[in-house]
Amino acid sequence: MSKAPLFSISILVGVILLSFFGGLIYNVSPFELNSEAILLPPSLEHPLGTDRLGRDLLARIIEGGKVSLTIGVGSAIIASLIGIMAGVSAGYFKGKVDKSFVIAVDLFLTFPTFFLLLAMVSYVEASTLVLIVVISITGWMTTARMIRSESFAIGNKPFIKILKIASVPSYKIILKYFLPLIAPIFFISFTFGVGGAILSESGLSFLGLGVLPPQMSWGSILSEGKEVIDIAWWVSFFPGLMIFLVTFSLINISDYLQSVTNKREKII
Amino acid sequence: MKLLLKKLLYIGLMLLIISLISFGAIHMAPNSFFSAGELNPNITPETLEHLKRIYGLDKPLWEQYLSWVWAMLHLDFGISFATGKSVTQEIAQRIGVTLGINLVSMSIVFALSLYLGIKAALKQDSVFDRTVKQFSLISFSMPSFYLALLVIILFAVELKLFPIGGLHSLEQKSGVYYYLDIAWHLVLPIFVIVFVSFGSMAMYVRSLTIEILKSDYIFFAKARGAGEKEIVKRFVLPNLSPPLVTVLGLSLPGLIGGSVILESIFSINGMGLLFYQAALARDYPVIMGILIITSFLTLLGNVLADLAMLRLNPYFKRDS
């Protein structure tokens, strides 16, 4: 039994508080241009420095955090919902439903996810909502597979078989007996999924296919910094660090949940 | 044999669906190449019609689809809208670089993960095990482009040990030096790929090994005095190979997808960079060509993995 990942939890809570309430304390505009303060290194006045248009980096990271976290959580919610519905129906009904499930998952796994994202974003203009949809429909497969194999195991339990023989309606069996048993695996893959979605979003933003200016996310700030990386490391260093810290904490928490619930599924 | 036929049929079905989806999705896209402002704004409607006729865009959709599939069966993916060159040639020139880089990185990842994963599993909950685990989690959460930027700053800009990008130095080298030069350019990209992918693999090997070590035959092997080395060689490795081969087959799309980011950072002229440029320019023939080829490679990888599985695991032979 491993210890609770207090360090990861506090980082996560800290970043969430910073992103959504940091603006109340640190009252600097993330949009304001300042030609006097271009590419300043971190200092007391600008704790994380400024970018090449003289905008304050801390304020931008706070603002970008809202977008990155929203996309991460939003995509993970949708992806998990798709995963639960597909996984449970495949595991419960088996047979033809399961066969079509396997084909669908194979199909999505065969497309390189990133290519699919690129192809979609290249013709739909990116916005927070579009990114959430795109990332979730390319990221539901892992959850679905895990839930499918879990549902198979649950479906083979004697009490489920008895319920089926007693012709209890399927939706009742699923809602009342399947979902509670699936809950642990759901939370594991959800925390894991949020991390994965934040990584996907930042990758897209990094290639210039993420949210459009004046909106910003950690990935897009990092991407703006890559042109001045040799003279101003801080512009890309800090947003990248945020992405890394948040995903690292989420994955740590997910790993902890796995060891607590004793559901060490192989996530890849 | 029957199984092989079934597998081939499955590949065919998958490719058909994939080709339909990618064709449909891209042709329903609101922004076409011919309206994206890529062309001369003074173009007359007649010239536009003429252009469309050259590319066969004036025919009904199903006819376009069929002729596209027919051409693809002859390895002809059409002509790139952006460069006017044959897509097959464009891809053929670059696919080697991308596959080569991924092959080398994947071999390193495998060797590293096997070593770390098995050792960690043998010494479960030791300091070594926990260190491997922490590094794996770091590897998993590290965005590849961020790591790439960091190593570029550190090793290319500050220490000037490795080049910032590209595949070749400016002056042409010959003989052995030509390959050494390429290798020198690829150190950083391969390091990044290995770093971001070894984590999940090592954890997978670790958890598989722990399962294997729990089995009765390991218990009895230990009871009759088999050493750690013998156990790993005779029991762990053979039992690890089937699941790992499957994972190898499945990891291909992720690797090629990851090439998009890495190749654009290190300006390596491979398939990933080509796809990125094509996606930005809405160059359909190139986009679709690459999608189909990578899907085909992935499916092929899966089937090869399944076949290898049959050889590695006699149990499945009985099943089918």
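Being a predicted model, the structure only gives us computed values, none of them experimental. (Residues numbered from 1 in each chain as written. Chains lettered and ligands numbered in written order. Predicted model: local features only at pLDDT ≥ 70, side-chain atom pairs only at ≥ 80, totals over all residues. Heavy atoms only, no water.)

### Observations regarding the overall build of chain B
Tallying secondary structure elements over chain B gives 13 helices and zero strands in all. What you see in chain B, going N to C, is helices and strands ordered as α-α-α-α-α-α-α-α-α-α-α-α-α. Here chain B holds 320 residues, and 46% of them are scored as buried. (Helix = DSSP H or I, 4+ residues; strand = E, 2+ residues; numbered from the N terminus. Buried < 20%, exposed > 50% of the residue type's maximum accessible area, 1.4 Å probe, protein only.)

### Describing helix α11 (residues 271–281) of chain B
Given 3.6 residues per turn, any residue in an α-helix points the same way as the ones three and four places further on. All names here are of chain B. Taken across its eleven residues, α11 has nine buried, putting it largely inside the fold. Those residues of α11 that sit buried are Met271, Gly272, Leu273, Leu274, Phe275, Tyr276, Ala278, Ala279 and Ala281. Phi turns positive, to about 55°, at Arg282, one or two residues after α11.

### Some words on empty space enclosed by the protein
Empty space left among the atoms is revealed by rolling a probe the size of a water molecule over them. All names here are of chain B. Overall, the coordinates contain four cavities of 30 Å³ or more when judged by the stated rule. Put simply, the second largest cavity is a space of about 50 Å³. Taken together, Thr98, Ile101, Asn102, Pro189, Ile193, Ser259, Leu262, Glu263 and Ile268 make up the full set of residues lining the second largest cavity. (1 Å grid on protein atoms, 1.4 Å probe; cavity = no way out; pocket = protein on both sides within 12 Å on 5 of 7 lines; lining within 4 Å. Points joined across faces, edges and corners; volume = space filled by probe spheres on them.)

### Considering the packing of aromatic side chains
Inspection of the entire model under this criterion finds 18 aromatic pairs over all chains. Judged by centre distance (5.4 Å) and plane angle (80°), the ring pair of Phe237(A) and Phe238(A) falls under edge-to-face. Considering the side-chain rings of Phe191(B) and Phe195(B), the 6.0 Å spacing of their centres and the 45° angle between planes classify their relative orientation as tilted. Linking Phe191(B) with Phe195(B), this pair stays in helix α7 (residues 176–213), spanning four residues, or about one helical turn. Classification of Phe191(B) as partly exposed rests on a relative accessible area of 39%. Accessibility expressed as a relative area gives 17% for Phe195(B), which makes it buried. Of note, Lys226(A) hangs over the ring of Phe206(A), and the distance from its end group to the ring centre comes to 4.2 Å. Here the basic side chain of Lys119(B) rests over the ring of Phe128(B), its NZ or CZ set 4.8 Å away from the ring centre. (Phe/Tyr/Trp six-rings, centres within 6.5 Å; stacked < 30°, edge-to-face > 60°. Lys NZ or Arg CZ within 6 Å of the ring centre and 35° of its normal.)

### With respect to the interface of chain A and chain B
With 40 residues of chain A at the contact, the number on the chain B side is 48 residues. For the salt bridge of Lys133(B) with Asp255(A), the shortest nitrogen-to-oxygen distance reads 2.8 Å. The tally of links from chain A across to chain B stands at four residue pairs in polar contact (both at pLDDT 80 or more). The set of elements that each furnish at least two residues to the side of chain A that touches chain B consists of α3 (95–110), α4 (113–121), α8 (170–206) and α10 (234–261) of chain A. Per element, the largest residue contribution to the side of chain A that touches chain B is eleven residues, and it comes from α10(A). (Contact = heavy atoms within 4.5 Å. Salt bridge = Lys/Arg side-chain N within 4 Å of Asp/Glu carboxyl O. Polar contact = N/O pair within 3.5 Å; in protein donor to acceptor, adjacent residues only side chain to side chain.)

### What to know about the packing of helix α7 (residues 158–165) of chain A against α8(A)
All names here are of chain A. Contact geometry of α7 with α8 gives a least axis separation of 11 Å together with a crossing angle of 170°. Comparing their axes, α8 and α7 come out roughly antiparallel. Seen from α7, the contacting residues are Phe159, Ile160, Leu163 and Lys164; seen from α8, they are Ile173, Tyr177, Phe178 and Leu181. Partitioning the contact of α7 with α8 into residue classes produces seven nonpolar, no polar and one charged. (Axes fitted to C-alpha atoms, helices over the stretch in contact; angles between N-to-C directions. Parallel < 35°, antiparallel > 145°, perpendicular 65-115°, else oblique. Nonpolar A, V, L, I, M, F, W, Y, C, P; charged D, E, K, R; others polar.)

### Some thoughts on a positive patch on the surface
Taken together, the side chains of Lys96(A), Lys99(A), Lys2(B) and Lys6(B) define a basic patch exposed on the protein surface. When contributions to the positive patch are tallied by element, the ones reaching two or more residues are α3 of chain A together with α1 (2–27) of chain B. Secondary-structure assignment places Lys6(B) in helix α1. Classification of Lys6(B) as exposed rests on a relative accessible area of 60%. (Patch = residues over 30% accessible without salt bridge, like charges linked within 9 Å, V, L, I, M, F, W, Y side chains within 5 Å. Areas by Shrake-Rupley, 256 points an atom, 1.4 Å probe, with all protein chains shown as cover. Lys, Arg positive; Asp, Glu negative; His and termini not counted. Charge placed at Lys NZ, Arg CZ, Asp CG, Glu CD.)

### Focus: the confidence of the model for chain B
Reading fine detail from the predicted coordinates is not recommended where pLDDT is low. With 89% of its residues at a pLDDT of 70 or more, chain B has an overall mean of 80. At the level of chain-chain contacts, confidence expressed as ipTM amounts to 0.81, with global pTM at 0.81. (pLDDT = per-residue confidence, 0-100.)

### Comments concerning a nonpolar patch on the surface
A surface patch of nonpolar side chains, amounting to about 930 Å² of accessible area, comprises Leu6(A), Ile9(A), Val13(A), Ile16(A), Leu17(A), Phe20(A), Phe21(A), Leu24(A) and Ile25(A). Secondary-structure assignment places Ile9(A) in helix α1 (residues 6–25).

### Overview of the pattern of salt bridges
Here the structure, examined in full by the defined rule, presents nine salt bridges over all chains. Put simply, Glu230(B) and Arg234(B) hold a salt bridge, and the shortest N to O gap is 3.1 Å. You can see Glu230(B) and its partner Arg234(B) sitting in helix α9 (residues 228–250), four residues apart, about one turn around the helix. Through salt bridges with shared partners, a single network forms among Arg55(A), Arg60(A) and Glu224(A).

### Description of the environment of Pro163(B)
Residues and elements named next belong to chain B. Structurally, Pro163 can be placed in the loop between α6 (144–158) and α7. A residue is classified by how much of its surface remains accessible, and Pro163, at 14% relative accessible area, is buried. Spatially, the C-alpha atoms of Pro163 and Ser80 are 31 Å apart, while their sequence positions differ by 83 residues. If sequence neighbours within four positions are ignored, Pro163 has contacts with Ala156, Trp184, His185 and Leu188.

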